[in-house]
Amino acid sequence: MLFNLLPVSPDLPILAAHILAAVLPSVYLLRYIYRHDTVEPEPPGLLFKLLIFGVLAALCCGFLERIGDALLMKLIPLDSRAYTILFAFLVVAAVEEGTKFIFLKFGTWRDKEFNYLFDGVVYSAFVSLGFAAFENIHYVFNYGLSVALARALLAIPGHLSFSIFMGVYYGRARLYANRGNRAASKINLLFGYLFATVLHGFYDTCAMLSTMFSTILFLIFIILMFTAAFRTLKRESSRDAPIISRYK
């Protein structure tokens, strides 16, 4: 499948430039996340598995989003603003965050290494950045290096930001599950998914509408979201604690 995305030129330096431009932003952010896991760093094997799960989530999304788009086009005119908004929230955001969440939970929920609150953020980020790296390869090979910088500054940190908020609630959910509070655990799982989906949907809506107002709103939104996400990351890292203890 990937060979269909390669540039026409077989020149290896060009191929390498495309791959590096697509992957390096995610690699940088993966290292950034890993360095914040200071109490008990996660084993490389588990983290690599989560990156692969992120890739698998991206592959699943390609199929599910086509189905969602086909259904939505039967209900709402393609050129309407309502279509753009519903497509952004219900097709793109809900499906992408849903598949990432499913692979996240499948890969880590019962893992013995999931024993600290900040682990939830780390796991969520690795799945999301695996997803983002694979998605970025698709964009760079299809649209060229011209999209690489914008995606490195916006789309990749966007995926990470969604995952940070999901991961915070994912860690809390595991904590409540360990305490036997299943209701609180499920609420936190749901809230983490919905929080990420709403942020993702709003991000995509502003980007897809492409009006002057939506562009200004988009710029304000990403500044606020990125600031909040990275402050949350640092706060959760500094407050990391075993999930068997009380969350503060």
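Reading the values: rules and limits
Residues numbered from 1 in each chain as written. Predicted model: local features only at pLDDT ≥ 70, side-chain atom pairs only at ≥ 80, totals over all residues. Heavy atoms only, no water. Helix = DSSP H or I, 4+ residues; strand = E, 2+ residues; numbered from the N terminus. Rg over C-alpha atoms; globule rule 2.2 N^0.38 Å. Buried < 20%, exposed > 50% of the residue type's maximum accessible area, 1.4 Å probe, protein only. Contact = heavy atoms within 4.5 Å. Areas by Shrake-Rupley, 256 points an atom, 1.4 Å probe, with all protein chains shown as cover. Lys, Arg positive; Asp, Glu negative; His and termini not counted. Charge placed at Lys NZ, Arg CZ, Asp CG, Glu CD. Core = buried A, V, L, I, M, F, W, Y, C linked by side-chain atoms within 4.5 Å. Axes fitted to C-alpha atoms, helices over the stretch in contact; angles between N-to-C directions. Parallel < 35°, antiparallel > 145°, perpendicular 65-115°, else oblique. Left-handed = near helix turned anticlockwise from the far one by under 90°. Nonpolar A, V, L, I, M, F, W, Y, C, P; charged D, E, K, R; others polar.

Let us now look at the overall build of the chain. What the chain contains, in helices and strands, is seven helices and zero strands. When the helices and strands of the chain are placed in sequence order, the string is α-α-α-α-α-α-α. A globule of 248 residues ought to have a C-alpha radius of gyration of about 18 Å, and the chain, at 18 Å, matches this closely. In terms of overall dimensions, the chain has C-alpha extents of about 55 × 45 × 30 Å along its principal axes. Each of the 248 residues in the chain was classed as buried or not, and the buried ones make up 49%. The long-range fraction of contacts in the chain, counting pairs at least 24 apart against all pairs at least 6 apart in sequence, stands at 81%. Summing over all exposed atoms, the chain offers an accessible surface of approximately 12900 Å²; the carbon and sulfur share of this is 70%. Once the 22 positive and 16 negative side-chain charges of the chain are each reduced to a mean point, those two points are 9 Å apart.

Ranked by size, the top nonpolar core spans 50 residues in total, and within it Y203 and M225 carry the most contacts. Where this core is concerned, the elements lending two or more residues are α1 (12-36), α2 (44-75), α3 (81-108), α4 (117-143), α5 (148-178), α6 (182-209) and α7 (212-238). Dropping the residues within four chain positions of it, M225 is found in contact with G158, S161, F162, F165, L199 and Y203. Counting six residues, the second largest nonpolar core, distinct from the first, contains L72, I76, Y83 and F87.

Here we take up the packing of α2 against α4. One way to put it is that α2 packs onto α4 with a least axis distance of 7 Å and a crossing angle of 50 degrees. The angle between α2 and α4 places the two elements in the oblique class. α4 is crossed by α2, and the crossing has right-handed handedness. Along its contact with α2, which presents L46, L47, L50, L51, G54, V55, A57, A58, L59 and C61, the element α4 presents V122, Y123, F126, V127, G130, F131 and F134. Looking at the contact of α2 with α4 residue by residue, the class counts come to 15 nonpolar, two polar and no charged.

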